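Survey of secondary and tertiary structure
Below are the chains, spelled out letter by letter.
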Amino acid sequence: MCWERLPVDNDSLNIAGTRLSSRLWLGSSLYPSPQIMADAIQAATPGMVTVSLRRQTAQQLADNDHWAFLQQHLTATGCQLLPNTAGCHSADEAVMLAHMARELFGTAWIKLEVIGDDYNLQPHPLQLLNAAERLVNDGFVVLPYSTDDLVLCRELHQLGCAAVMPWGAPIGTGRGLQNKQQLQQLRERLPEAVLVIDAGLGKPSQAMAAMEMGFDAVLLNTAVAKAQDPVAMAAAFAQAVNGGRQAWQAGLMVAQQQAAPSTATVGLPFWHQEHNA
């Protein structure tokens, strides 16, 4: 199964009627300082920047230097804000936090996280589906963080989630795309869905590989925030994502088991052609 490739000059990512400026999305935590975070955002010009509510009150948010700095630079760069429900372990908890985020941040967009295991931070499939259905019905633009399980991702898409975001590897590990075959199958079986690789990426080459597979975007945080030079790493990821997308749009060659000469044998001596046959 194949999905439509748009012309390169007409290639943009649209989710829920919103055109996003970039297919690289960044998290806003773990940076050495708010200034380095802002500089990394400036260097990457991401399409989305995630922020965690973590049950802060409106006054706490107003007094939070990190949030004020982030808000200032989001406005300057035109990035879309994406609140998340990080730290939730049940559907009820995630739904409550999402409603708080919509009120405090003034956006119906939500990155839905419902963790089922504290060791590898794997999403809880049943609680995730429950929360996603309720939030879609409440008018949210829901982008759930999930595993790469085909059935789970298909159910989330069919519920009306604006995008589905399977992990490449557990959060913060930097292991990259641990199950490429499964991810490739996911892309092929859900050609109409917006699919974003979320979590586990550690290198720009891994982000490029995800884009070459046809994924619509990548979301990462630790790989940039914990780099020795977060600003330079943000720029490197931006270039990798663009390069991977362009490669997929151009159409990658089909891998073959047998070698094939790149130089034509026409005009070579007859005995040489026989030897190459």
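The structure contained in this document is the topic of the report that follows. (Residues numbered from 1 in each chain as written. Predicted model: local features only at pLDDT ≥ 70, side-chain atom pairs only at ≥ 80, totals over all residues. Heavy atoms only, no water.)

Topic: the nonpolar core
- Core analysis: the biggest nonpolar cluster contains 58 residues, and Leu24, Leu112, Val218 and Leu220 have the highest contact counts within it.
- At seven residues, the largest contribution of residues to this core is made by helix H4 (residues 91-105).
- Apart from the residues within four sequence positions on either side, Leu220 is in contact with Leu24, Trp25, Leu26, Gly27, Leu201 and Phe237.
- With 15 residues, the next largest nonpolar core counts Ile15, Leu20, Met48 and Ala217 among its residues. (Core = buried A, V, L, I, M, F, W, Y, C linked by side-chain atoms within 4.5 Å. Buried < 20%, exposed > 50% of the residue type's maximum accessible area, 1.4 Å probe, protein only. Helix = DSSP H or I, 4+ residues; strand = E, 2+ residues; numbered from the N terminus. Contact = heavy atoms within 4.5 Å.)

Points about the side chain of Ser28
- Within the secondary structure, Ser28 is located in the loop between strand S3 (24-27) and helix H1 (34-44).
- Look at Ser28 and you get buried, because its relative accessible area is 5%.
- Side-chain polar atoms of Ser28 contact the backbone oxygen of Thr50, separated by 2.6 Å. (Polar contact = N/O pair within 3.5 Å; in protein donor to acceptor, adjacent residues only side chain to side chain.)

Section: the packing of aromatic side chains
- Taken as a whole and judged by the stated rule, the model has zero aromatic pairs.
- Above the plane of the ring of Phe140 lies Arg102, whose end atom (NZ or CZ) is 3.9 Å from the centre.
- One cation-aromatic arrangement involves Lys111 over Tyr145; the distance from NZ or CZ to the ring centre is 5.8 Å. (Phe/Tyr/Trp six-rings, centres within 6.5 Å; stacked < 30°, edge-to-face > 60°. Lys NZ or Arg CZ within 6 Å of the ring centre and 35° of its normal.)

Section: the side chain of Lys111
- With respect to the secondary-structure elements, Lys111 resides in strand S6 (residues 109-112).
- Looking at Lys111, its side chain comes within polar contact range of the side chain of Glu113, at 3.1 Å.

Observations concerning H1
- Residues of H1 that are buried include every one of Met37, Ala38, Ala40, Ile41 and Ala44, and no others. The buried residues of H1 all sit within an arc of 160° when viewed along its axis, so they share a single face.
- Among the residues trailing H1, Thr45 stands out with phi positive, at a value near 40°. (Arc of directions from axis to C-beta.)

Examining the pattern of salt bridges
- Within the structure shown, the criterion is met by four salt bridges.
- Note that Lys111 and Glu113 form a salt bridge whose closest N and O atoms lie 3.1 Å from each other.
- For Lys111, a relative accessible area of 8% puts it in the buried group.
- The partner of Asp216 in a salt bridge is Arg187, with the nearest N and O atoms 2.9 Å apart. Within this pair, whereas Asp216 is found in the loop between helix H8 (204-212) and strand S10 (217-220), its partner Arg187 is found in helix H7 (residues 180-189), the two being separated by 29 residues in sequence. The pair formed by Asp216 and Arg187 is uniform in burial state, with each residue classed as buried.
- Put simply, Lys111, Glu113 and Asp198 are held in one network by salt bridges that share partners. (Salt bridge = Lys/Arg side-chain N within 4 Å of Asp/Glu carboxyl O.)

A few points about the state of the cysteines
- Under the counting rule described, the total for this entry stands at zero disulfides.
- The thiol of Cys153 is not disulfide-bonded; the next cysteine sulfur, from Cys161, is found 10.0 Å away.
- A relative accessible area of 0% means that Cys153 is categorised as buried. (Disulfide = S-S within 2.5 Å.)

Points about the packing of helix H5 (residues 125-137) against helix H6 (residues 150-159)
- Their axes nearest at 9 Å, the elements H5 and H6 cross at an angle of 10°. Judged by the inter-axis angle, H5 sits roughly parallel to H6. Together, Pro125, Leu128, Leu129, Ala132, Glu133 and Val136 of H5 and Leu152, Glu155, Leu156 and Leu159 of H6 make up the contact between the two elements.
- Here the residues of the contact of H5 with H6 are counted per class, giving eight nonpolar, no polar and two charged. (Axes fitted to C-alpha atoms, helices over the stretch in contact; angles between N-to-C directions. Parallel < 35°, antiparallel > 145°, perpendicular 65-115°, else oblique. Nonpolar A, V, L, I, M, F, W, Y, C, P; charged D, E, K, R; others polar.)

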